[in-house]
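# Summary of the model geometry
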Amino acid sequence: MATITIDGQQYTVDAGKNLLEVCLSVEIDLPYFCWHPAMGSVGACRQCAAKQFADENDSCGWLVTACMTPVQDGNIFSVADTQAVDFRATVIESLMTNHPHDCPVCEEGGECHLQDMTEMSGHTLRRYRGKKRTHRNQYLGPLINHEMNRCISCYRCVRFYKDYAGGKDLSAQASHNHVYFGREKSGVLENEFAGNLVEVCPTGVFTDKTFSAHYSRKWDLQTAPGICHHCAVGCNTTPGSRYDSIRRVVNRYHSEINGYFLCDRGRFGYAYNHHAERLMTVENRAGDELKTLEKGLERLVSVASELATGKAFCVGVGSPRSSLENNFALREFVGVDNFYHGVSSADYVSHRQLAQLMVERQLDIASISDAEKADAIIILGEDIAETAPRMSLALRQAVGNKRLKSAADVGIDAWQDAAVRHYSPYENSADANTPLLIASLTSTRLDDVAAATIHSDPQHIAQLGFYIAATLSGKTSDVELSLDEKTWADAVIATLEEASQPIIVAGCGYQQPALLESSINIFSAIKSAKPKARYYYALPEVNSLGLALLTQDRTLDQKLDRKDHTLLTLWEQLTAVKKQGRRTVMIVLENDLYRRMEHDSVAQLLEAVDELIVLDHLRHPTTQQADWCLPVSTAFESQGTLVSAEGRAQRSYSVLSTESGLYCNARHAWRWLVDAVNAVNAVNESRRRGSDVSNEKMTSWQHCDDITRSISQEIDCLGAITSLIPEGNTPLARQSHRYSGRTAMHANIAVAETKPTQDTESPFNYSMEGRPSHGPLENSAWSPGWNSNQAIHKFQQDVAGRLRGGESGLRLFEFSRSAPAVYFQQRLHHRANVYEKSSDKWLLFPLQSVFGSDELSARADAIAELTLKPCVFLNKADAEALHVVEWDTLLCSVKAQFSMKAQQQLYVRIDDVIPSGVAGALLLVGQHDQGLLSSHWPVAVELVKDASSLPKPIHIIASSGESDYVR
């Protein structure tokens with residue numbers, strides 16, 4: 001610690017931190033531009049100038065750049081010194097000479113860091129009357145607008161895009177007063193974190209193009225705490241709504257999860273909420289014109305009544321993209337034994353095993369913050385950049401930890417960004433990186449920073465994992481490895497033995513449960529000797545783990561049998577019941593069965609169902625087969641609890657009300673079920689038929705919190721989630737205190753001011769009445785003089801530290817090193833090298849894409865524009881054997897379970913690292929409609945050149961008319 005003096009006031013701070021960070025931490029306002037808490041200091045703008053004095057007798061001092069000045073015990077500084085104040089005003093006046101005075105039309109207006117710093121610097125008079133420098137803007141894709149004339153050359157954009165996120169196609173071009181931040185030519189920004197430029201840029205150079213399409217000022221948005229629903233990482237977001245639509249999603253700071261950054265899928269995938277395929281009202285296959293809420297409720301009431309009297313048999317299919325409360329309500333409605341997970345068999349096995357291990361405290365699961373501290377990274381059989389992008393970004397930062405340590409050894413502070421990045425005590429600069437070793441089927445976005453990669457079929461990658469685990473445990477393994485595989489495995493073993501804080505990363509992207517088992521074996525082999533070792537398993541959907549925990553009541557050694565609730569055993573159960581002559585009903589909650597099973601398997605399943613009821617907010621192939629579709633609220637219109645892959649339970653709150661407006665017919669999913677039960681019980685009560693009362697527990701649920709409490713009482717591992725229920729009755733405001741136009745919004749209906757919508761579900765008001773929310777319920781960062789997102793430091797314990805009022809979520813499972821080790825039996829597989837010149841069979845594995853594989857974000861137009869075409873990845877030799885080149889088309893045929901063949905036309909992509917005889921097919925939303933899906937990957941397929949070869953797909957056409965970007 002160090003005691004320093006700033007403007008006569010003494011402060012005790014951490015020695016070695018820079019002066020700017022110290023000032024902000026002790027709530028001294030000091031303007032800045034180029035510095036960012038996640039990216040350190042480069043001293044490019046000089047806007048944070050302050051005065052430093054030699055001692056208390058020094059009356060002159062000298063100007064220093066605060067972000068580049070480390071603080072030491074006894075330092076004396078002045079922020080308010082006249083010379084420093086004048087210097088800062090001069091700096092910003094110079095920066096503003098070329099900046100256009102377009103605040104009234106600039107989309108950054110009202111949340112502009114440049115506006116804040118200009119006011120803070122006291123520069124309010126424009127003296128420059130010369131001609132301003134102008135630039136030509138570029139087309140950067142469907143997500144981001146470019147207005148280069150607003151640039152003040154702070155270099156934040158390229159520092160984030162290139163240095164932090166690893167992007168290759170954005171750079172600083174030209175020099176001096178003509179520096180230009182853009183691409184070599186117009187085209188789509190290729191990095192999956194490009195959207196962060198919108199928040200990183202302190203001016204309006206990079207703005208949200210999707211927000212521009214229905215723009216509103218920041219202060220006119222209704223906001224509430226949200227959780228990203230597009231993967232299982234659990235990033236915190238702040239969605240904003242106005243006029244019955246979601247206008248944008250921005251990052252909500254959480255020190256242990258997403259920090260300051262979101263991936264583009266999480267930021268721009270919100271438009272599914274008002275997609276053309278949104279279910280707006282009750283629909284039925286019979287085409288009944290009376291599609292009202294009452295009509296839909298009647299059907300559920302009828303089913304509930306038949307259940308109460310035993311006349312019908314009803315099963316429920318849950319959803320990994322719906323909240324715990326919705327899934328639990330369906331489970332209670334149909335009965336625990338009749339509730340099914342609603343995921344593929346492979347996912348079911350992995351999710352259940354992972355959940356059980358976490359309940360048994362076997363795994364020390366890494367948070368994003370933990371991953372960023374790793375000193376060795378092993379990725380076993382997962383393309384983490386496509387399945388958990390924010391974790392991938394954290395691992396990219398961890399690659400620099402070895403360089404940070406080397407720099408610290410010679411006295412370079414971690415915040416000295418440029419010095420750290422360029423320092424290396426090794427002849428080969430790559431040796432200065434933290435070792436990252438990757439085993440995958442295809443090339444990945446992290447390969448550019450990997451120390452060693454190996455590419456093989458996922459089944460054999462699992463065998464590599466078993467070999468590594470056995471060797472680390474001092475056991476022998478009979479896995480036969482090639483020379484390259486042996487070299488890679490030995491490198492992993494040596495790296496893990498040397499590391500003190502390694503992280504093992506796996507996932508279910510390839511849908512191979514053996515990858516989970518072998519990666520857990522590796523973690524189990526090192527966890528005793530490495531107390532700081534961490535494990536992470538990427539799950540596919542926002543509540544995959546939460547859904548698994550709802551029925552986590554069996555041990556791992558129990559094999560899959562009829563008691564296990566997979567979709568395959570569901571068909572057997574329904575068939576048996578139907579043979580008894582009972583009516584069968586299936587209720588599907590926010591799930592598309594065609595994404596979970598083979599096309600013909602779903603057809604077989606539905607033949608065993610007399611009535612199919614779907615509760616969802618989007619149309620999809622399953623809703624097309626439903627007898628009744630009941631519209632439910634989206635995540636933006638309801639609240640609920642979700643459990644991330646980290647085992648962190650978090651709550652999401654609504655920013656839209658469904659009581660009126662476009663979606664007034666949508667109800668919370670649990671509300672449909674509870675109302676049906678209440679209606680049945682009301683009828684039975686009037687008839688004095690107490691014996692037919694249906695589910696008394698559900699009749700007591702009047703609020704989402706009531707269901708949360710029931711879950712905690714019934715499921716031990718979820719007992720702590722009641723702590724997420726907000727305490728106190730003081731309402732919170734969704735609207736800012738600057739909200740405008742409440743009367744004018746409804747002037748076309750009535751001149752009189754309308755009463756704000758009342759929300760009895762959450763602690764938030766749909767108005768500006770109520771106190772601002774901070775800590776776990778923080779929904780906007782604003783402080784006097786700080787209107788931009790940089791205001792978040794006002795609410796942190798230390799800059800880039802935890803929020804003062806606490807942060808959202810609760811880690812449900814604490815790791816125990818005393819828990820007995822679990823080792824999975826090695827699974828033996830034949831090598832998947834099945835291709836021979838005389839054969840037309842390939843072994844096909846699924847591939848994931850950050851754009852297109854998620855069911856919700858794929859419905860957002862901007863994301864759809866970036867989605868890859870359905871394609872198959874082959875190595876060059878296999879492509880030549882098929883006489884195809886990149887972007888030719890192949891017919892992929894797979895033998896289905898109940899029918900002859902399913903076919904799909906796929907574009908060819910060449911990836912030389914894929915083993916011969918193996919192919920990877922992208923699993924994109926909509927692709928499953930053609931039947932290219934399996935419950936048991938891999939599948940043997942036939943690949944034949946398509947004579948009707950389609951034209952080369954061109955997704956993006958630049959403003960110049962040239963094709964700049966092909967995916």
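Residues numbered from 1 in each chain as written. Predicted model: local features only at pLDDT ≥ 70, side-chain atom pairs only at ≥ 80, totals over all residues. Heavy atoms only, no water.

### Concerning the overall build of the protein chain
A count of helical and extended segments in the protein chain gives 27 helices and 37 strands. Here the protein chain has a C-alpha radius of gyration of 29 Å; the compact-globule value for 967 residues is 30 Å, and the two agree. With respect to the three principal axes, the spread of C-alpha positions in the protein chain is 95 × 80 × 60 Å. Residues counted as buried form 62% of the 967 residues belonging to the protein chain. Across the protein chain, the fraction of contacts at a sequence separation of at least 24, relative to all contacts at a separation of at least 6, is 74%. When the accessible surface of the protein chain is summed, it comes to about 36,600 Å², and 49% of that surface belongs to carbon and sulfur atoms. Averaging the coordinates of the 94 positive side-chain charges in the protein chain and doing the same for the 117 negative ones gives two points 2 Å apart. (Helix = DSSP H or I, 4+ residues; strand = E, 2+ residues; numbered from the N terminus. Rg over C-alpha atoms; globule rule 2.2 N^0.38 Å. Buried < 20%, exposed > 50% of the residue type's maximum accessible area, 1.4 Å probe, protein only. Contact = heavy atoms within 4.5 Å. Areas by Shrake-Rupley, 256 points an atom, 1.4 Å probe, with all protein chains shown as cover. Lys, Arg positive; Asp, Glu negative; His and termini not counted. Charge placed at Lys NZ, Arg CZ, Asp CG, Glu CD.)

### So, the packing of helix 9 (residues 324-334) against helix 25 (residues 704-714)
The contact between helix 9 and helix 25 brings their axes to 9 Å, and the two run at 70°. Taken as axis vectors, helix 9 and helix 25 run roughly perpendicular relative to one another. Within the contact between the two elements, helix 9 uses Leu-324, Glu-325, Phe-328, Arg-331 and Glu-332 and helix 25 uses Cys-704, Ile-707, Thr-708, Ser-710, Ile-711 and Glu-714. Residue composition of the contact of helix 9 with helix 25, by class: five nonpolar, two polar and four charged. (Axes fitted to C-alpha atoms, helices over the stretch in contact; angles between N-to-C directions. Parallel < 35°, antiparallel > 145°, perpendicular 65-115°, else oblique. Nonpolar A, V, L, I, M, F, W, Y, C, P; charged D, E, K, R; others polar.)

### Let's talk about helix 8 (residues 293-309)
Between its terminal C-alpha atoms helix 8 stretches 24 Å, which fits the 24 Å expected from 17 residues at 1.5 Å a residue. Of the residues trailing helix 8, Gly-310 is marked for its positive phi of about 80°. (Expected span 1.5 Å × (residues − 1).)

### Regarding the nonpolar core
Formed by 230 residues in total, the largest nonpolar core has its most connected members in Phe-333, Ile-384, Leu-395, Tyr-535, Tyr-536 and Leu-718. In this structure, Tyr-536 is in contact with Ala-232, Val-233, Ile-365, Ala-366, Ile-384, Ala-388, Met-391, Ile-503, Ile-504, Val-505, Ala-506 and Ala-645, ignoring residues within four places of it in sequence. Within the second largest apolar cluster, 23 residues are counted, among which are Met-586, Tyr-594, Ala-608 and Val-614. (Core = buried A, V, L, I, M, F, W, Y, C linked by side-chain atoms within 4.5 Å.)

### Some details on the sheet that holds strand 20 (residues 502-507)
Pairing in this open sheet of five strands is parallel, and the strands run 19-18-17-20-21 from one edge to the other. Either end of the sheet is taken by a strand with one partner, and the two such strands are strand 19 (452-455) and strand 21 (534-538). Pairs of neighbouring strands in the sheet enclose a mean axial angle of 10°, with direction left out of account. As paired strands, strand 18 (residues 436-440) and strand 19 are joined by four bridges and run parallel to one another. By the bridge assignment, Ser-440 is partnered in strand 19 with His-455. (Pairing = 2+ DSSP bridges.)

### Let's talk about the pattern of salt bridges
Counted under the stated rule, the structure contains 52 salt bridges. The closest approach of N and O atoms between Glu-942 and Lys-841, which form a salt bridge, is 3.4 Å. Of this pair, Glu-942 sits in strand 35 (residues 939-945) while Lys-841 sits in strand 30 (residues 841-847); the two residues are 101 residues apart in sequence, bridging distant segments of the chain. Where salt bridges share partners, they join Glu-256, Glu-646, Arg-648, Arg-802, Glu-807 and Arg-811 into one cluster. (Salt bridge = Lys/Arg side-chain N within 4 Å of Asp/Glu carboxyl O.)

### Structural notes on the state of the cysteines
Within the structure shown, the criterion is met by zero disulfides. For the unlinked cysteine Cys-154, the closest cysteine sulfur is that of Cys-201, found at 6.1 Å. Its sulfur unpaired, Cys-157 is 6.3 Å from the next cysteine sulfur, which belongs to Cys-154. By relative accessible area, which is 8% here, Cys-157 ends up buried. (Disulfide = S-S within 2.5 Å.)

### Section: the sheet that holds strand 26 (residues 648-652)
As a general point, the strands of a sheet are linked pairwise by backbone hydrogen bonds and lie either parallel or antiparallel. Strand order in the open sheet formed by three strands is 25-26-29, and the pairing between neighbours is antiparallel. Of all strands in the sheet, those with a lone pairing partner are strand 25 (640-643) and strand 29 (810-811), marking the two edges. Examined bridge by bridge, strand 26 and strand 29 share two bridges and lie antiparallel to one another. The partner of Ala-649 across the bridge, within strand 29, is Leu-810.

### Brief notes about the confidence of the model for the protein chain
The predicted coordinates ought not to be read in detail in places where the model reports low pLDDT. Mean pLDDT over the protein chain works out to 89, with 91% of the residues at or above the 70 mark. The model gives residues 553-562 a pLDDT under 50, and that stretch makes 19 contacts with residues more than four places away or in other chains. Note on residues 955-967: pLDDT under 50 across the span, and 38 contacts to partners over four residues away in sequence or across chains. (pLDDT = per-residue confidence, 0-100.)

### A few points about the pairing of strand 32 (residues 889-894)
Most of strand 32 sits inside the fold, with five of its six residues counted as buried. Here strand 32 pairs with strand 33 (residues 902-910) via six bridges, running antiparallel. Its bridge partner being in strand 33, Thr-889 is matched across the sheet by Tyr-907. Relative to strand 35, strand 32 is paired through five bridges, and the arrangement is antiparallel. Paired with Val-894 across the strands is Val-941, a residue of strand 35.

### Brief notes about the pairing of strand 21
Sheet faces and side chains relate simply in a regular strand, where the side chains alternate between the two faces. Summarising burial for strand 21: five of the five residues are buried, a large majority. Residues Arg-534, Tyr-536 and Ala-538 point to one face of strand 21 and Tyr-535 and Tyr-537 to the other, with burial holding for every one of them. The pairing of strand 20 with strand 21 spans five bridges and is parallel. Bridge pairing in strand 21 places Gly-507 opposite Ala-538.

### Some thoughts on the side chain of Thr-207
By the secondary structure assignment, Thr-207 is in strand 9 (residues 206-208). Judged by its relative accessible area of 6%, Thr-207 is buried. With sequence-adjacent residues up to four places away left out, Thr-207 is seen in contact with Glu-107, Glu-108, Leu-143, Ile-144, Asn-145 and Val-198.

### Description of unusual backbone geometry
Excluding glycine, most residues fall at negative phi; most peptide bonds, likewise, are trans. One non-glycine residue, Asp-7, lies in the positive phi region at around 50°. By secondary structure assignment, the location of Asp-7 is in the loop between strand 1 (2-6) and strand 2 (9-13). Owing to a relative accessible area of 39%, Asp-7 belongs among the partly exposed residues under this scheme. The backbone phi angle of Ala-174 is positive, close to 65°, even though this residue is not glycine.

### Concerning the packing of helix 16 (residues 458-472) against helix 17 (residues 483-498)
Relative to each other, helix 16 and helix 17 sit at 45°, their axes nearing to 10 Å. By the angle class used here, helix 16 and helix 17 are oblique. In this structure, helix 16 crosses over helix 17, and the sense of that crossing is right-handed. Note on element contacts: helix 17 touches helix 16 through Glu-485, Lys-486, Trp-488, Ala-489, Asp-490, Val-492, Ile-493, Leu-496 and Glu-497, opposite His-460, Leu-464, Tyr-467, Ile-468, Thr-471 and Leu-472. Residues that form the contact of helix 16 with helix 17 fall into these classes: nine nonpolar, two polar and four charged. (Left-handed = near helix turned anticlockwise from the far one by under 90°.)

### Overview of the environment of Ser-601
Residue position: Ser-601 is located in helix 21 (residues 599-607). C-alpha separation for the pair Ser-601 and Leu-567, spaced 34 residues apart in sequence, amounts to 9.6 Å.

### Examining the environment of Val-343
Structurally, Val-343 can be placed in the loop between strand 16 (339-340) and helix 10 (345-359). Expressed as a C-alpha distance, the spacing of Val-343 and Ser-216, which sit 127 residues apart in the sequence, is 39 Å. If we skip the residues at most four places from it in the chain, Val-343 touches Pro-320, Tyr-348, His-351, Leu-547, Leu-567 and Arg-596.

### What to know about the packing of aromatic side chains
All chains considered together, the criterion is met by 15 aromatic pairs. Pairing Tyr-253 with Tyr-260 gives two aromatic rings, centres 4.9 Å apart and planes at 55°, and the pair type is tilted. Owing to a relative accessible area of 16%, Tyr-260 belongs among the buried residues under this scheme. A network of ring pairs unites the aromatic residues Phe-160, Tyr-164, Tyr-253, Tyr-260 and Phe-261 as a single cluster. (Phe/Tyr/Trp six-rings, centres within 6.5 Å; stacked < 30°, edge-to-face > 60°.)

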